[in-house]
Number of protein chains: 2
Amino acid sequence: MFVIVVYDVEEKRVTRVLKYLREFLNWVQNSVFEGELTEGKYKEMEIGLKKKIKIENDSVIIYQFEDESRVEKKTMGKEKGGIENIL
Amino acid sequence: MFVIVVYDVEEKRVTRVLKYLREFLNWVQNSVFEGELTEGKYKEMEIGLKKKIKIENDSVIIYQFEDESRVEKKTMGKEKGGIENIL
């Protein structure tokens, strides 16, 4: 499946969430990841994420699609994802 | 079509972009909008967005789907969108 994850978490948890999501997906923009996942990997990510965020203060939205070919993606402006922007 | 817009723009343009996107879509999280658009409205939004951002510094990604029923959405934690958080 194809997955997009957007998050808005408190600053002290940003790096933790970012590093965790990099294990599963590609970083495409500040607080946005996307990528192809198996059902198993998806479940693993979901369970892990729940442990890493604080439900009362943070927000994570996951969009899931069976078929990536049905998603059209358009980027305006500069690419903000990528390893060089993390450090 | 169903559309998700995520943006990462310089602080001085955040309010401008946010207000503009509210004319077309629903605010679901910090820097994330989603909603149903006609082809015409989509084009209008795209043209307007290009004028509002600075291509060299800002980033906007638009994900587009023909059919919303093929998108599954899961929210963890609190809802961060909504008018009360804007002001």
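Calculation rules
- Residues numbered from 1 in each chain as written.
- Chains lettered and ligands numbered in written order.
- Predicted model: local features only at pLDDT ≥ 70, side-chain atom pairs only at ≥ 80, totals over all residues.
- Contact = placed C-beta atoms within 7 Å.
- Helix = DSSP H or I, 4+ residues; strand = E, 2+ residues; numbered from the N terminus.
- Nonpolar A, V, L, I, M, F, W, Y, C, P; charged D, E, K, R; others polar.
- pLDDT = per-residue confidence, 0-100.
- Axes fitted to C-alpha atoms, helices over the stretch in contact; angles between N-to-C directions.
- Parallel < 35°, antiparallel > 145°, perpendicular 65-115°, else oblique.
- Pairing = 2+ DSSP bridges.
- Least-squares fit on C-alpha atoms with pLDDT ≥ 70 in both.
- Core = buried A, V, L, I, M, F, W, Y, C linked by C-beta atoms within 7 Å.
- Buried ≥ 20, exposed ≤ 12 C-beta atoms within 10 Å, placed from the backbone.

> Sorry, what's going on with the interface of chain B and chain A here?
Often the size quoted for an interface is simply the accessible area lost on bringing the parts together. Contact residues are listed per partner, giving 34 residues for chain B and 34 residues for chain A. Mapped onto the side of chain B that touches chain A, the elements with two or more residues apiece are β1 (2-8), β2 (26-29), α2 (39-52), β4 (59-65) and β5 (71-77) of chain B. Of the residues contributing to the side of chain B that touches chain A, the split by class is 14 nonpolar, eight polar and twelve charged.

> Teacher, can you tell me more about the confidence of the model for chain A here?
Low-pLDDT portions of the prediction should not be read for the details of their coordinates. Chain-level statistics for chain A give a pLDDT mean of 90 and a share of 92% at 70 or above. Contacts of residues 83-87 of chain A to residues separated by more than four positions or lying in other chains number two contacts, the stretch itself having pLDDT below 50.

> I'm lost on the packing of helix α1 (residues 11-22) of chain B against α2 of chain B in this one. Help?
Residue and element names in this part refer to chain B. Where α1 meets α2, the axes come as close as 10 Å, and the angle between the chain directions of the two elements is 170°. As the angle between them shows, α1 and α2 are arranged roughly antiparallel. Every residue of α2 that contacts α1 at Arg13, Arg16, Val17 and Tyr20 is listed here: Gly48, Leu49 and Lys52.

> Sorry, what's going on with the pairing of strand β3 (residues 32-36) of chain A here?
Regular strands have side chains that alternate between both faces of the sheet. Residues and elements named next belong to chain A. Pairing of strand β1 (residues 2-8) with β3, which is carried by five bridges, proceeds in the antiparallel orientation. Its bridge partner lying in β3, Val3 is registered against Gly35. Here strand β2 (residues 26-29) pairs with β3 via three bridges, running antiparallel. Residue Trp27 lies in a different strand from β3, and its bridge partner there is Phe33. In this antiparallel pair of consecutive strands, β2 and β3, the connection spans two residues, and Ser31 shows a positive phi of 70°.

> Can you walk me through the sheet that holds strand β4 (residues 59-65) of chain A in this structure?
Spatially, the five strands line up as an open sheet ordered β2(A)-β3(A)-β1(A)-β4(A)-β5(B), and their pairing is antiparallel. The open sheet has two free edges, formed respectively by β2 of chain A together with β5 of chain B, since each of these has just one partner strand. Taken over all neighbouring pairs, the strand axes of this sheet differ in orientation by 20° on average, direction set aside.

> Is there a simple way to think about unusual backbone geometry in this case?
One can expect most non-glycine residues to show negative phi and most peptide bonds to be in trans. One non-glycine residue, Ser31 of chain A, adopts positive backbone phi at about 70°. Turning to its location among the elements, Ser31 of chain A is positioned in the loop between β2 and β3.

> Any chance you could explain the relation of the copies chain B and chain A here in plain terms?
One copy of the chain maps onto the second through a rotation about an axis and a displacement along it. Of the two same-sequence chains, chain B is brought onto chain A (RMSD 0.0 Å, axial shift 0.0 Å) by a rotation of 180°. Taken together, these values place the two copies in the relation of a two-fold axis. A symmetric contact is evident, with 100% of the interface residues of chain B recurring at the interface of chain A.

> What is the right way to read the nonpolar core from this model?
Buried together is how nonpolar side chains tend to be arranged in soluble globular proteins. By size, the foremost hydrophobic cluster in this structure holds 34 residues, and its most contacted members are Ile4, Val5, Val6 and Val32 of chain A together with Ile4, Val5 and Val6 of chain B. Excluding its chain neighbours within four sequence positions, the residues that come into contact with Val6 of chain A are Ser31, Val32 and Ile61 of chain A together with Val6, Gln29 and Val32 of chain B.

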